[in-house]
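Each chain, written out:
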Amino acid sequence: MVVYNLYIFDRRGTCLFYKEWKRLHRSLRDNVAEDRKLVFGLTFSLQQLVQTLNPFPGETGDFQSFRTTKAMSKGADGKVQYAGYSLHHFETASGLRFVMNTDDECIDMRHVLKRIYANIYVEHVVKNPLALPGKAIQAPRFVEALEAYVNGLPQFK
């Protein structure tokens, strides 16, 4: 099981933080802004779809994860590989969106995203008097705590 990357977006779709661990495919190469817009757009669209298809009137649905089917590809060594990925999503009451991409073998990572928000983001960004709301996260202790937590997960290999 592999953790690929993590995005943190504000409610307007601005990417406040991006951390990459093991990203294998770079279809957009150097266009980082476009990559972030596409990920936010996907999560926003899936959230809207879930709310539209919700069978219970008056209740809002919540998009939690998206899993792809396994696709076949040839590796550099010529072997056929099957790979898929899962996109895990957690949205806070204030509109922050935490999006983590993992391989498709990982269990639901929503509890991990909640813990990142409550124990790492709140402690090192919200309570940091030097952090500016709505601006990119520039807190070194946040990055250190995030690295230690994610590297310690059993899903991180």
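Residues numbered from 1 in each chain as written. Predicted model: local features only at pLDDT ≥ 70, side-chain atom pairs only at ≥ 80, totals over all residues. Heavy atoms only, no water.

Overview of the overall build of the protein
- From N to C terminus, the protein includes three helices and seven strands.
- Put simply, the protein runs from its N terminus to its C terminus through helices and strands in the order β-β-α-β-β-β-β-β-α-α.
- Out of the 157 residues belonging to the protein, those deemed buried represent 38%.
- Considering only intrachain contacts with a sequence separation of at least 6, the fraction spanning at least 24 residues in the protein is 48%.
- With an accessible surface of roughly 9,600 Å², the protein has 55% of that area assigned to carbon and sulfur atoms. (Helix = DSSP H or I, 4+ residues; strand = E, 2+ residues; numbered from the N terminus. Buried < 20%, exposed > 50% of the residue type's maximum accessible area, 1.4 Å probe, protein only. Contact = heavy atoms within 4.5 Å. Areas by Shrake-Rupley, 256 points an atom, 1.4 Å probe, with all protein chains shown as cover.)

Regarding the confidence of the model for the protein
- On average, residues of the protein carry a pLDDT of 80, and 75% of them reach 70 or more.
- Here strand β4 (residues 71-74) stands out as the least confident element of the protein, with mean pLDDT 60; helix α2 (residues 110-126) is the most confident, with 91. (pLDDT = per-residue confidence, 0-100.)

Brief notes about the pairing of strand β7 (residues 97-103)
- β7 sits mainly inside the fold: seven of its seven residues count as buried.
- Direction of pairing for strand β1 (residues 3-9) relative to β7: antiparallel, over a ladder of six bridges. Looking at the pairing, Leu6 lines up with Met100 of β7.
- Turn length for the strand β6 (residues 85-91)-β7 hairpin, with the two strands adjacent in sequence and antiparallel, is five residues, and the turn residue Gly95 shows positive phi of about 95°. (Pairing = 2+ DSSP bridges.)

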